[in-house]
Number of protein chains: 2
Amino acid sequence: MRLTTKGRYAVTAMLDLALHEGRGPISLADISSRQLISLSYLEQLFAKLRRNDLVKSVRGPGGGYQLSRDKADIYIVQVIDAVNESVDATGCGGKGDCHEGEACLTHHLWCDLSDQIHAFLSGISLADLVARRDVQEVSQRQDRVRLQSIEFERIEATG
Amino acid sequence: MRLTTKGRYAVTAMLDLALHEGRGPISLADISSRQLISLSYLEQLFAKLRRNDLVKSVRGPGGGYQLSRDKADIYIVQVIDAVNESVDATGCGGKGDCHEGEACLTHHLWCDLSDQIHAFLSGISLADLVARRDVQEVSQRQDRVRLQSIEFERIEATG
DNA sequence: CTATTAGCCGACTATTTTAGTCAATTATTT
DNA sequence: AAATAATTGACTAAAATAGTCGGCTAATAG
C-alpha cells in the first residue's frame, strides 16, 4: 500500500474540479495555479483519470476538464485507484499466496486493514468533501489569494 | 504513508517471536527459515526493533531475540513505526502547512484517514494476533513444514 | 582456551517508484 | 490564422526498497 503525493494530488485536483464546476470546463493551468501542482504532472494524472472515466475533456480555447458524472457519485477510493495507488495493504494483492503459495502469518491482518481503509475511502464522495466546512474555508482562502495575484498582474501590466 | 514488505516483515517476525516464546531466545536464522525472510534483512529490521525497545537480544550460541515485554503490551502500530514506516497519510506530517504554510484542500481528509488507520493498528496487540484462529492455523502449517525439512535433512545426513 | 554460534555494524548495490521536465502534436475556437 | 489547451511519449534526478557482503564482538559449549 502506498499513499503519496500522486494520490493526494489526484484527489485534490478532482476536488478543485468539483468546487469550481458549473462555469464550464476548468483548465489544468487553473488547477495548477490554485493547487500548486506542476502542470505537466497534472497532465499525467488526468490522462489516467480520463481513462478511468472520472473526467471528460474539452479541447481548444476555453477548454479543460469536467467531472464525468455528478460529484456525489465519485468516491475518493476511485480517484486513488485511477492513478495506480492501490489501497491494498497485502503483499500478494489479496490473493493469499504470500508464503510459498499459501497465506503468510499476517495475511489476514493486512486484509482486515485493507478492508478498513477501503470502507473509509469508499464512503466519502467528492460531494461530501465539497460540503465540509474545512474544505470550504480552504477553498475560499485559495480564491482570495488567486484574485489578489490576478489584481497584482493587472497592475504590473498597466504600469 | 507507505506499507511495504518492510513493515509487513517486521510485524511477521515479531509475531513469530510471540508464537515461539517461552523456550528461550529465538535466533534470526529460525525466523528467517520459518518466515522466508532474508537473514541479513532481518538483522537490519531487528536493529531498529531493538533501538525501539520492542525486543531484547542474547548473544552467543543458543542466543537470539525475545520480546522486551508481554505480547499483550506490544501493538502493531509500534512495530510499524519502529522500522520507519509511518502510518501518517498526510504529506506534511500532520502539521497542516502543505499549501504555502497553510492547510491544503484535502489536508483534513488525510488527517481523518491517518486517525482511522492509527486507531485500527493501535487496537491490535501481538497477543490478539496469537489468539486468532487464522494465525494459529498458518503457524501450525509452518511448524509441520519445518519438521518435515528437519527430518529430510536428517535422512540426507544419515545417508 | 578455542572453536562455534549468533548478534552487531557499516558500506555497498540493483531495482523500482516518485515526481517531475521537455518537446511535439492534435483538436478547437475566436 | 492564431491562440489555446488537451494529448502523447520520451526522458530524468532523487529517493526508497529490498536487499547483499564482509568483518567484528560477545558468549558459551566442549
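Residues numbered from 1 in each chain as written. Chains lettered and ligands numbered in written order. Predicted model: local features only at pLDDT ≥ 70, side-chain atom pairs only at ≥ 80, totals over all residues. Heavy atoms only, no water.

### Description of the relation of the copies chain B and chain A
Just so we agree on the cut-off: A residue counts toward the fit only if its pLDDT is at least 70 in both copies, and the copies are then superposed by least squares on the C-alpha atoms of those residues. In what follows, a contact means two residues having at least one pair of non-hydrogen atoms within 4.5 Å.
Once chain B has been moved 0.0 Å along the axis and rotated by 180°, it coincides with chain A to within an RMSD of 0.1 Å. Each copy turns onto its partner about a two-fold axis. Residue Arg2 of chain B of chain B places its C-alpha closer to the rotation axis than any other residue of that unit, at 2.2 Å. When the interface residues of chain B are mapped onto chain A, 98% of them are again interface residues, pointing to one common binding face.

### Remarks on the protein's contact with DNA strand D
Where we set the bar: Proximity criterion: a residue is near a molecule or strand once any of its heavy atoms comes within 4 Å of it. Contacts described as polar in this section are N or O atom pairs within 3.5 Å, which, within protein, must combine one atom able to donate a hydrogen with one able to accept it, while residues neighboring in sequence count only if both atoms come from side chains. Each residue gets one label: Ala, Val, Leu, Ile, Met, Phe, Trp, Tyr, Cys and Pro are nonpolar, Asp, Glu, Lys and Arg are charged, and the others, such as Gly, are polar.
With respect to spatial proximity, 26 residues lie near DNA strand D, and among them Ser57 and Tyr65 of chain A together with Thr5, Ser38 and Arg59 of chain B are the closest. The protein-proximal atoms of DNA strand D, defined as those within 4 Å of the protein, are 74% sugar or phosphate. A distance of 3.5 Å is found between a base oxygen of DNA strand D and a backbone nitrogen or oxygen belonging to Pro61 of chain A. Contact between DNA strand D and Thr4 of chain B: a phosphate oxygen at 3.1 Å from a side-chain N or O atom of the residue. A per-class count over the surface near DNA strand D returns eight nonpolar, 11 polar and seven charged.

### Concerning helix α2 (residues 28-35) of chain B
Along an α-helix, residues three or four positions apart point the same way, because every turn accommodates 3.6 residues. Our working rule: Only protein chains enter the calculation, and the probe is 1.4 Å; a residue is then buried if its accessible area is under 20% of its type maximum, exposed if over 50%, and partly exposed in between. Note on conventions: DSSP H or I runs of at least 4 residues are helices, E runs of at least 2 residues are strands, and numbering of each starts at the N terminus.
Residues of α2 of chain B that are buried include every one of Leu28, Ile31, Ser32, Arg34 and Gln35 of chain B, and no others. Of the residues one or two after α2 of chain B, Leu36 of chain B is the one with positive phi, at around 55°.

### Focus: the interface of chain B and chain A
Rules: What counts as a salt bridge is simple: a side-chain nitrogen of Lys or Arg found within 4 Å of a carboxyl oxygen of Asp or Glu.
Across the boundary between the two partners, chain B contributes 43 residues, which contact 42 residues of chain A. Here chain B is connected to chain A by four salt bridges. At the junction of chain B with chain A, the criterion picks out 11 residue pairs in polar contact (both at pLDDT 80 or more). Elements represented by at least two residues in the side of chain B that touches chain A include exactly α1 (5-19), α2, α4 (76-82), α5 (107-121) and α7 (133-158) of chain B. By residue number, the principal contributor to the side of chain B that touches chain A is α5 of chain B, which donates nine residues. When grouped by side-chain class, the residues that make up the side of chain B that touches chain A number 22 nonpolar, 11 polar and 10 charged.

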